[in-house]
Amino acid sequence: MESKEFTKKLLKIAYAAVVCDGDIDEGELEVIRAIEKEDFYLKKEGLHEEIDRFEKEAEDDYIEFAHNTVKEAYKLDISPAQKMIVINLAIAIVRADGKMQSQEMAFIKSLMLNLQLTDEIVEAANGNWWIIEGDSKNLL
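Draft legend 1. Looking closely at the packing of helix 1 (residues 3–19) against helix 4 (residues 62–73). Look at helix 1 against helix 4: their axes get within 9 Å of each other, and the N-to-C directions meet at 140°. With respect to helix 4, the axis of helix 1 lies oblique. Regarding helix 1 and helix 4, the two cross each other, and that crossing is left-handed. Here Lys12, Ile13, Tyr15, Ala16 and Val19 of helix 1 lie close against helix 4, whose contacting residues are Tyr62, Ile63, Phe65, Ala66, Thr69, Glu72 and Ala73. A per-class count over the contact of helix 1 with helix 4 returns nine nonpolar, one polar and two charged.

Draft legend 2. Region of interest: a negative patch on the surface. A contiguous patch of negative charge, built from Glu59, Asp60, Asp61 and Glu64, is present on the exposed surface. Mapped onto the secondary structure, Glu59 falls in the loop between helix 3 (47–58) and helix 4.

Draft legend 3. Spotlight on the packing of helix 5 (residues 80–95) against helix 7 (residues 119–126). Contact geometry of helix 5 with helix 7 gives a least axis separation of 11 Å together with a crossing angle of 60°. As far as their axial angle goes, helix 7 and helix 5 are oblique. Handedness of the crossing formed by helix 5 with helix 7: right-handed. Contact with helix 5, carried on its side by Met84, Ile87, Asn88 and Ile91, involves Ile121, Val122, Ala125 and Asn126 of helix 7 and no other residues of that element. For the contact of helix 5 with helix 7, the class distribution of residues is six nonpolar, two polar and no charged.

Draft legend 4. Expanded view of the nonpolar core. Ile87, Phe107, Ile108 and Leu111 are the most contacted members of the largest nonpolar core, which has 41 residues in total. Elements with a contribution of two residues or more to this core: helix 1, helix 2 (26–38), helix 3, helix 4, helix 5 and helix 6 (102–115).

Draft legend 5. Geometry of the environment of Lys9. Structurally, the position occupied by Lys9 is in helix 1. Residues Lys9 and Thr69, spaced 60 residues apart in sequence, show a C-alpha to C-alpha distance of 9.0 Å.

Draft legend 6. Focus on the pattern of salt bridges. One pass over the structure, following the stated rule, counts six salt bridges. Glu5 is paired through a salt bridge with Lys9; the nearest N and O atoms lie 3.9 Å apart. Of this pair, Glu5 and Lys9 both sit in helix 1, separated by four residues, roughly a single helical turn. Note that Arg53 is salt-bridged to Glu50, the shortest N-O span being 3.0 Å. With a gap of three residues between them, Arg53 and Glu50 both fall in helix 3, about one helical turn apart. Among the charged side chains, a salt-bridge network with shared partners connects Lys12, Glu50, Arg53, Glu57 and Glu72.

Draft legend 7. Structural context of the side chain of Lys83. Locating Lys83 in the fold gives a position in helix 5. If we skip the residues at most four places from it in the chain, Lys83 touches Ile78, Leu115, Gln116 and Leu117.

Draft legend 8. Structural detail: the environment of Asn114. Within the secondary structure layout, Asn114 lies in helix 6. Relative accessible area serves as the criterion here: at 18%, Asn114 is assigned to the buried category. In sequence terms Asn114 and Leu76 are 38 residues apart; their C-alpha atoms lie 9.1 Å from each other. Ignoring anything within four residues of it in the chain, the contact list for Asn114 reads Val70, Lys71, Ala73 and Tyr74.

Reading the values: rules and limits
Residues numbered from 1 in each chain as written. Predicted model: local features only at pLDDT ≥ 70, side-chain atom pairs only at ≥ 80, totals over all residues. Heavy atoms only, no water. Axes fitted to C-alpha atoms, helices over the stretch in contact; angles between N-to-C directions. Helix = DSSP H or I, 4+ residues; strand = E, 2+ residues; numbered from the N terminus. Parallel < 35°, antiparallel > 145°, perpendicular 65-115°, else oblique. Left-handed = near helix turned anticlockwise from the far one by under 90°. Contact = heavy atoms within 4.5 Å. Nonpolar A, V, L, I, M, F, W, Y, C, P; charged D, E, K, R; others polar. Patch = residues over 30% accessible without salt bridge, like charges linked within 9 Å, V, L, I, M, F, W, Y side chains within 5 Å. Areas by Shrake-Rupley, 256 points an atom, 1.4 Å probe, with all protein chains shown as cover. Salt bridge = Lys/Arg side-chain N within 4 Å of Asp/Glu carboxyl O. Lys, Arg positive; Asp, Glu negative; His and termini not counted. Charge placed at Lys NZ, Arg CZ, Asp CG, Glu CD. Core = buried A, V, L, I, M, F, W, Y, C linked by side-chain atoms within 4.5 Å. Buried < 20%, exposed > 50% of the residue type's maximum accessible area, 1.4 Å probe, protein only.

Below, the structure is given as structure tokens:
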């Protein structure tokens, strides 16, 4: 898949990761914005318009948007390295708010399944991605 097309798919999956729990968390959107400035695939021009388009497409039903985006991932003709880029970004986004909700775990598991990535490969790159370690200051 050519770089520009991959970038659009990557951004769509990233936005789906933001909305997969039915809510838009500003911290999760910040991950996209921060990575957009530095990431090879996301620092292209015009991505703000793509995000605006996804917002309009998803506004009626965030969860349905996320579900459909994950289903589309099965049909992507991308390399194993690109698959890891997709899953690593999605995991970074769902973890950004410091909470791991069941919808977010289901989203990542479904994405892994549709990208045909094994648990072992994803965990090798992301450890126990489903665990958010508590802040010890908040435990006192």
